[in-house]
Structures are given as C-alpha cells and as structure tokens.
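Observations on the three-dimensional arrangement
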Amino acid sequence: MPTKIEKDAVSGRDTTGHEWDGVKELNTPLPTWWVYTFWATVVFAVVYCALYPAWPWINGHTRGYLGYSSRAELTRELEVQTKERSAFVDRIRSASLEQIRKDPELFNFALAGGRSAFQTNCMQCHGAGGAGSKGFPNLADDDWLWGGSVGQIYQTIQHGIRNTDEKSRQTLMPRFGVDGLLTPAQVGAVTDYVLSLSGHGKANAEGAKIFAEQCVSCHQADGKGNQEMGSPNLTDGIWLYGGDRDSIYHTIFFARNGSMPPWGQRLDDATLKMLAIYVHTLGGGR
Amino acid sequence: MPMDGGDFYATRVKVYPRAVSGRWRSVKWAVLSLLLGIYYLVPWLRWDRGPGAPSQAILLDLDGRRGWIFDVVIWPQEVYFVTGILILGAIGLFLATSLFGRVWCGFACPQTVWTDLFMLVERLIEGDRNQRMRLDHEPLSAAKAVRKVAKHAAWLLIAAATGGAWVFYYVDAPTTLLKIVRGEASLEIYFFIGLLTATTYLLAGWAREQVCTYMCPWPRFQAAMLDEQSVIVSYQKQRGEPRGKHKAGASWENRGDCVDCRLCVNVCPTGIDIRDGQQLECIGCGLCVDACNETMDKVDRPRGLIRWDTLARQQARERGTTVPWRPVRPRTILYAAVFAVVAVVMLGAFVLRSATDLSVQRDRSPNFVRLSSGDVRNSYTVKISNKSQQPRNFRLAVTGLPRAAVTIANIADDANHTPTLTVHADAVGTFRVLVTVPANQAPTGSQPIEFVAADPDNQQSATHGSVFVGPPR
C-alpha cells in the first residue's frame, strides 16, 4: 500500500507514495491513449471469450455464443467448393469420353481433376509422373498391356486387373517351371529365344519350337503380344519385370501376374473418366 | 524526467489556422482542386478495350492480376515498372527539394491537401480562427453541438468518399458503387472503405500537423537535400528587426519593418513562428508569405518581408550585397542526371517489352521415356503468354536437336499432331509438349536445346532454353 502520496517540491508532481531508504519516486503515469488502448483490448478479450471458443474445460472447452468451429468452417468451405465444381462434374458424368475430349472447357477440367485424383490414388504404384517402376507399368510410354485408347484405359481403371471384380481383366500366365510344364533346360532355351525376338539373345531351334507350342496362344507367333489378353509385346525394348536373361528366365519359370484394384468400387464415375483422360495425355495415349 | 521539471510527453497545442488570401493561397487552392479532382474522378474515366476486357481507363485488377492503364496492360511479372515509377518519384522529390525546399510537403502531399480541405470545411461551419477558439472554450450548448456534429459529419462524408474512391481504382467503379449502395459489395470492399475513411478522418481531422512533425520520416531527412541555394520560406531578419508595434504615421527610422501583428503565426497550419528561422515543423506552404504581404500593404511598406528565398541570398543581403540564385549546381545536376538515366532505362524497357513471353519447364518424373520403338522422349510444360488483346496462334519449334519431333499432348481432340498453339487474348496458354528423338539420334545425358514460339502473323517470337535428357550409355 502506498504510504503517503506527496507533492515533489522541485517538479511539483506527485510521488508514487513509496519510499526506499529515503528515495522517493515520481509518479509518471502511462500516456492516456496507451491506457485506453489497454482497456480496449481487455473489453475485446471479454467479448471474444463470450462469442468464440476460449477456455479449456474438464471435458472439452467453452463453445462461445456464436458456436464457431474451424472444422465446421472447413466443412462449409468444402461444400461450397463441391457445389461450384458440381456443374462441371455433372457434365462430365453425363458426357462420353469422346465428348469430353472434344470440349476444351471440360477437357481442361478433366485434366486438372484427373491429375489431382492420380496424385491421391495412383502415384503410389505408378509414380508421380506415371513413370512406374519394376512390376508397375510406365503410363508415359506407348507400350500398353491392355490397350492405350482412352476407353481401354477407362475400363482398366474401373475394373482393375486380376482381382475379384466381375469385369476385371483376367488372364493368367502359367507357371511353366514350378508346375513342371517345362524343364529348367527348356525354360533356358525359350528364354534365349524370347531375347532374340528383340535382337539380344541367341535364336535356337529348341526355343523356337517350345515358343510355338506354349507361348504363341497369348504372345502371338511374332511375339508381339495381344492386348485383349494383356500379354506383353516381347519384341520391343520395354520389360515390365526386367529385360535381362535372369529376369526373363524367372518370369517364365514362376510366371508374373500383376494385379490392380477395381477403382470403380472406390471412386465415382466422373473421377474415373477424368483419370482416364489424364492418363491418356501422359504421353502414350492412342 | 527532464531536468527542467517538464513532462515526458509534449501536450499538443491545438492549432487554429486563420484564413488568408493571396498568391500562394490561390496556388494551393488550384493544386488542391487539381489533385483531388484527379483522385476522385480518374476511376470514372471509361476506355473502350473491346469485349471481354474492362472498360475502366485505369484499373488495378488484383483478382485478374492485371494493371489496365489505358492501352497498356501490365502483368504481375512487369511490376518492376511500378518500382521504376517509385524510384523516379523519389529522385524527382529530391530534385524538387534541392531546388524549392519542401514544395511537396506544402502543396502536393495528400496529408496537406486533405488537411487543407478539412480546414476549409471547418472554417465554413465553425467560422474563422477567433470564432473557433471561442467555440471550443464555450460550455456545451445546442448551437455548439449542432456545429460540431455538422463538422464531423461533413468530415466523415469526405473521408468515406476518399475511401470509396480508393477502392474504385481496384474494381469497376460504376457497378461497384451500385453494389456498395445496395449493400451487396464484398466484405473486403467495405473493410477498405472503412479503413481509409478512418485514416482520412483521423489524419486530416484530428492529427493534422502532428503527422508531419512526428509521424512522417520525410521532414527528418529532407534537410539532407537542402543547401544554401534551395528556395525556402524565410523571414528577412535584417529588414524586419527590431520588430514592434507601429502607429499609423509614426516614423520607420531605427526600427524594422515587422509590426509584430502575428498574422504569419496565426495562418500557419503547423502553428510555428517563421521569424524563428527555418525549422523542422515548417512544411513550406507559403501561407505566411501571403499573410505578411497583406500586412505590409496595410502599413505601406514593400512586400516580401517573408518570402521565398535562398539562404545564400539572405546572407548576402545581410552583408549589403546581392547574389544570383544558382539552380544549376552539382547537387541538382546529379539528381537530374540520375532521374534522366532511370527514366530512359524504364522507357526503353517499356517500349521494347514484348507481347509474347515463353517459359518452359522440363518434366523430371519420368526423366525421359523410352518408347517401344527405342525412340527417346522428354516432356515439357510450356507456357506462352499472349499479352496482346487478340487471340494469337503460335508455332512451336525446338532447335539444337536434329530430327526432333514436337507434339502437343493436351490439346482436346486432335492431340499429337498440329503444333500450332492458340492462346486467348491477354492470357497464358499451358501446353504439355512431347519431344521425341529417334533411338540413334538420342543424346547421352543432357543436351541443351531451345524452344522457339513464333507468331507467323506479326513475326514476333520468344525463346526459352531447356535441356533434352537421353539415357546414359
């Protein structure tokens, strides 16, 4: 408690009323504008606490009169966005893939939407730019297992490959070595023959004979494969599981049967269409 | 605590400037009308740019990221033109200050112009200096309340118009005014009108000369541009002193011409006494010159006791000689030269600016693609800016890479064939470009190449360097 407020003789001003060993301090109050500003912030804080969530409580926090929450605001913003987009999304849903590609406005919307959906759902296996990796096809080149037209891409995305979807793309490569269809020596011979198709290994009569008996039904007599069956072209330089002799031997001995989920069960049709159009422009679309 | 027992905080002594008329007052009215006229009316100037483009002569469209200035359209990446104008403004201010002292402060500064306007309103409603002082000392009465309310209402109205006019530089003025009146404008618009209404009202109505004395940095360092050859408002001490009251008909022997009427002090918008010499608070408006001339006419002495003069001439006059004014001196030559150089550079940049801009970004994922034929392909994101007001067609080519085939992947429908790229008026076209090289021509590693976008119609073209990456051997 201040002991005694008195006037300072020299300056004519009040002291603070405190005294330390005979030393007294002049009272120098804060500037008025500063005090007003301070009280204004106090008032603001009280009003704010009443209107907005402010104080932690045993089981949560005070909600405030306005009932504001950032989550509700996000939900509202998302709803607004969905509504804004819905005009385009509805048009994409009702249009055919060819119609979308002929309408620059829809096409650009589909590209942007497709890119976004690709980054969320597809890049985990196929890479950010569609470059793929061993076992996961490159979507930017012109080599397609199941066809590179926008319709074929759409169907592949919708139903997937070798899964439980009824319309999924279904073919199986036999396990020539494991199931005893071919002896290891025969597998070696046909491996060399397959390599020779792209100008690398030694063409040999035994390999050619085995190929004619076992492989042409899917990979065709010329080895160029068949997109109806998802059987790859063996004559080009693109190998999904590796193009060296050991990898191809392994492929023939144990077989390779890659799988892809049916995205039609998870994504709506408009997103599937946008994805197909986006993937088609990655570089290899036909 | 100052040793003299004074206060830490100087209490403001309210300034009640008296009305004055004369040459400099007229100049100030003219400049005020011109500047306020420009400020309030320019957003309403219309300019026909054809369909699809705004019809406002000067529009800084922040949402659309374009500055429309008559037939010139400034894109965000050309914002250096604004920098250039600011540099020119600064150097021009230095030059004007070294020649004529604080003409900017006294005549053209928005703080001065709006304060002058607010003082005019104040004078019309509350009367001149003496009436205003009396009114402020009166106890509150109905008559006083009416005058005060009327004054503040008028001030707020002007302030709101000022904030409104500011907003109109950024949005279409006629449609936005309607929206504002109907309460349909966006929150940002109301916020900025409110903000500028508040600053105008507070700075021109309440803070006034305190802005110049305490808030503005310019008075602190403008003295560095002044020298003894700068024309400033000055009191001719050798002629005025010793000052004193003068009775009509009395002799002028052994006394100065200053009759100590204090008119120069009473008209001063910053409340200083010019007879104390050059001081920080003086904004160089010249109103004391008008006031003193009025008095000199009355007492029948020559005008110019307070006048625009240089320090050098004043000192010479004290010695009984005269020297000419030297406007051309190293300082002014330097400022003028820098001004000219910057102006020429900016003008050159402006005249030579292209209506076409090209930017190329190589896709790195995948780094390159090997096609089934063995050919190697790189993909690029190409952006062509068409800064003109017509849609244009560009031909895209690649140099530095023999037998390269250029195709566009993202054109609807006829993809992969025609490399003629259409870009809308005043827009950026984004294209995914595939460059394919036959297997035996593919470079090992990275090879520099150049993209060329040419407009066959007007021979304009733009280039952008990039690289083509082939597989390592």
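Here the structure is a predicted model, which means the values were calculated and not measured.

1. So, the overall build of chain B
- Check the secondary structure of chain B and you find 15 helices and 14 strands.
- If you line up chain B on its principal axes, its C-alpha atoms span 115 × 60 × 50 Å.
- Of all 473 residues assigned to chain B, the portion counted as buried reaches 27%.
- Within chain B, contacts between residues separated by at least 24 positions form 70% of all contacts whose residues are at least 6 apart in sequence.

2. Notes on the overall build of chain A
- Counting its secondary structure elements, chain A contains 10 helices and four strands.
- Ordered by position in the sequence, the α and β elements of chain A form the string β-β-α-β-β-α-α-α-α-α-α-α-α-α.
- Over its C-alpha atoms chain A spans a radius of gyration of 37 Å, topping by over 25% the 19 Å that the globule rule assigns to 286 residues.
- If you line up chain A on its principal axes, its C-alpha atoms span 125 × 50 × 35 Å.
- The buried share of chain A, taken over its 286 residues, is 28%.
- The long-range fraction of contacts in chain A, counting pairs at least 24 apart against all pairs at least 6 apart in sequence, stands at 53%.

3. Digging into the confidence of the model for chain B
- On average, chain B scores 91 in pLDDT, and the residues at 70 or more come to 96%.
- Across the assembled chains, the prediction reports ipTM 0.75 with pTM 0.75.

4. A few points about the interface of chain B and chain A
- Each partner contributes to the interface: chain B provides 20 residues, whereas chain A provides 27 residues.
- Looking at the side of chain B that touches chain A, the elements that each hand over two or more residues are β7 (369-370), β8 (376-386) and β12 (427-437) of chain B.
- Looking at side-chain class alone, the side of chain B that touches chain A contains nine nonpolar, six polar and five charged residues.

5. Points about unusual backbone geometry
- At the junction of B:Glu241 and B:Pro242, the peptide bond is cis and its omega measures out at -10° in the coordinates.
- Tracing the sequence through the fold places B:Pro242 in the loop between α11 (237-240) and α12 (263-267).
- Each neighbour pair has its own omega, and for B:Ser365 with B:Pro366 the value is 0°, a cis peptide bond.
- With respect to the element layout, B:Pro366 can be found in the loop between β6 (356-362) and β7.
- Unlike most non-glycine residues, A:Gln220 shows phi in positive territory, near 70°.
- Even without being a glycine, B:Asn254 presents a positive backbone phi close to 55°.
- With respect to the helices and strands, the residue B:Asn254 is situated in the loop between α11 and α12.

6. Topic: the sheet that holds strand β14 (residues 460-470) of chain B
All names here are of chain B.
- Reading across the sheet, the four strands line up as β11-β9-β13-β14 and stay open at both edges, with antiparallel pairing between neighbours. Each edge of the open sheet is held by one strand with a lone partner, namely β11 (420-423) and β14. Each strand axis lies, on average, 30° off the axis of its neighbour in the sheet, ignoring direction.
- With four bridges joining them, strand β9 (residues 392-399) and β11 adopt antiparallel strand pairing. Paired with Arg-395 across the bridge in β11 is Thr-420.

7. Topic: the domain arrangement of chain A
All names here are of chain A.
- Segmentation of chain A into domains returns domain 1 (82-165 + 268-280) and domain 2 (184-254).
- Look at where the C-alpha atoms of domain 1 and domain 2 centre, and you get two points 31 Å apart.
- For the side of domain 1 that touches domain 2, a count of residues per class yields five nonpolar, two polar and three charged.

8. Here we look at the packing of helix α6 (residues 142-168) of chain B against helix α8 (residues 187-207) of chain B
Residues and elements named next belong to chain B.
- Across the interface, α6 lies against α8 with an axial gap of 7 Å and an inter-helix angle of 135°. Classed by the angle they form, the pair α6 and α8 counts as oblique. Crossing of α6 over α8 shows right-handed handedness. From α6, Trp-155, Leu-156, Ala-159, Ala-160, Thr-162, Gly-163, Gly-164, Trp-166 and Val-167 reach across to α8, where they touch Ile-189, Phe-192, Ile-193, Gly-194, Leu-195, Leu-196, Thr-197, Thr-200, Tyr-201 and Gly-205.
- In terms of residue class, the contact of α6 with α8 is built from 12 nonpolar, seven polar and no charged.

9. Focus: the nonpolar core
- With 52 residues, the main nonpolar core has A:Ala110, A:Leu275, A:Ala276, A:Ile277, A:Tyr278, B:Val382 and B:Val433 as its most contacted residues.
- The element contributing the most residues to this core is helix α10 (residues 269-280) of chain A, with eight residues.
- In terms of nonpolar packing, the next biggest core, distinct from the first, is built from 37 residues, B:Leu99, B:Trp114, B:Ile158 and B:Ile274 among them.

10. Brief notes about the sheet that holds strand β2 (residues 66-69) of chain B
Residues and elements named next belong to chain B.
- Read across the open sheet, the three strands follow the order β1-β2-β3; overall the sheet is antiparallel. Two strands close off the open sheet at either side, each with one partner strand: β1 (58-61) and β3 (72-74). If you compare each strand with its neighbour and ignore which way they point, the axes differ by 10° on average.
- Pairing of β1 with β2 involves four bridges; the strand directions are antiparallel. Residue pairing for β2: Leu-60 is matched across the bridge by Gly-67.

11. Quick notes on the environment of A:Tyr48
- By secondary structure assignment, the location of A:Tyr48 is in helix α1 (residues 32-51).
- Between the C-alpha atoms of A:Tyr48 and A:Gly64, which are 16 residues apart in sequence, the distance is 8.4 Å.

12. Some thoughts on the environment of A:Gly160
Residues and elements named next belong to chain A.
- Turning to its location among the elements, Gly-160 is positioned in the loop between α6 (150-159) and α7 (184-197).
- The buried category is assigned to Gly-160, around which 20 C-beta atoms lie within 10 Å.
- Note: C-alpha distance between Gly-160 and Gly-130 (30 residues apart in sequence) is 17 Å.

13. Quick word on the domain arrangement of chain B
All names here are of chain B.
- By domain assignment, chain B separates into domain 1 (9-353) and domain 2 (356-470).
- Listed as interface residues are seven residues of domain 1 and, on the opposing side, four residues of domain 2.
- Of the residues in the side of domain 1 that touches domain 2, the class split is three nonpolar, two polar and two charged.

14. What about the packing of helix α1 (residues 23-41) of chain B against helix α4 (residues 110-126) of chain B?
Residues and elements named next belong to chain B.
- With their axes 10 Å apart at the nearest point, α1 and α4 run at an angle of 105° to one another. By the angle between their axes, α1 is roughly perpendicular relative to α4. Judged by residue contacts, Lys-28, Leu-32, Leu-35 and Leu-36 of α1 engage Val-113, Asp-116 and Leu-117 from α4.
- Considering only residue class, the contact of α1 with α4 consists of five nonpolar, no polar and two charged.

15. Brief notes about α4(B)
Residues and elements named next belong to chain B.
- Given a rise of 1.5 Å per residue, 17 residues ought to cover 24 Å, and the 23 Å separating the end C-alpha atoms of α4 matches this to within 8%.
- The set of residues buried in α4 consists of Thr-112, Val-113, Trp-114, Thr-115, Asp-116, Phe-118, Glu-122 and Glu-126.
- Buried-residue contacts for α4 involve α1, α3 (103-108), α5 (129-137), α6 and α8.
- Positive backbone phi, at 95°, marks Gly-127, one or two positions downstream of α4.

What counts and how
Residues numbered from 1 in each chain as written. Chains lettered and ligands numbered in written order. Predicted model: local features only at pLDDT ≥ 70, side-chain atom pairs only at ≥ 80, totals over all residues. Helix = DSSP H or I, 4+ residues; strand = E, 2+ residues; numbered from the N terminus. Buried ≥ 20, exposed ≤ 12 C-beta atoms within 10 Å, placed from the backbone. Contact = placed C-beta atoms within 7 Å. Rg over C-alpha atoms; globule rule 2.2 N^0.38 Å. pLDDT = per-residue confidence, 0-100. Nonpolar A, V, L, I, M, F, W, Y, C, P; charged D, E, K, R; others polar. Pairing = 2+ DSSP bridges. Axes fitted to C-alpha atoms, helices over the stretch in contact; angles between N-to-C directions. Domains from an automatic or database assignment. Parallel < 35°, antiparallel > 145°, perpendicular 65-115°, else oblique. Left-handed = near helix turned anticlockwise from the far one by under 90°. Core = buried A, V, L, I, M, F, W, Y, C linked by C-beta atoms within 7 Å. Expected span 1.5 Å × (residues − 1).

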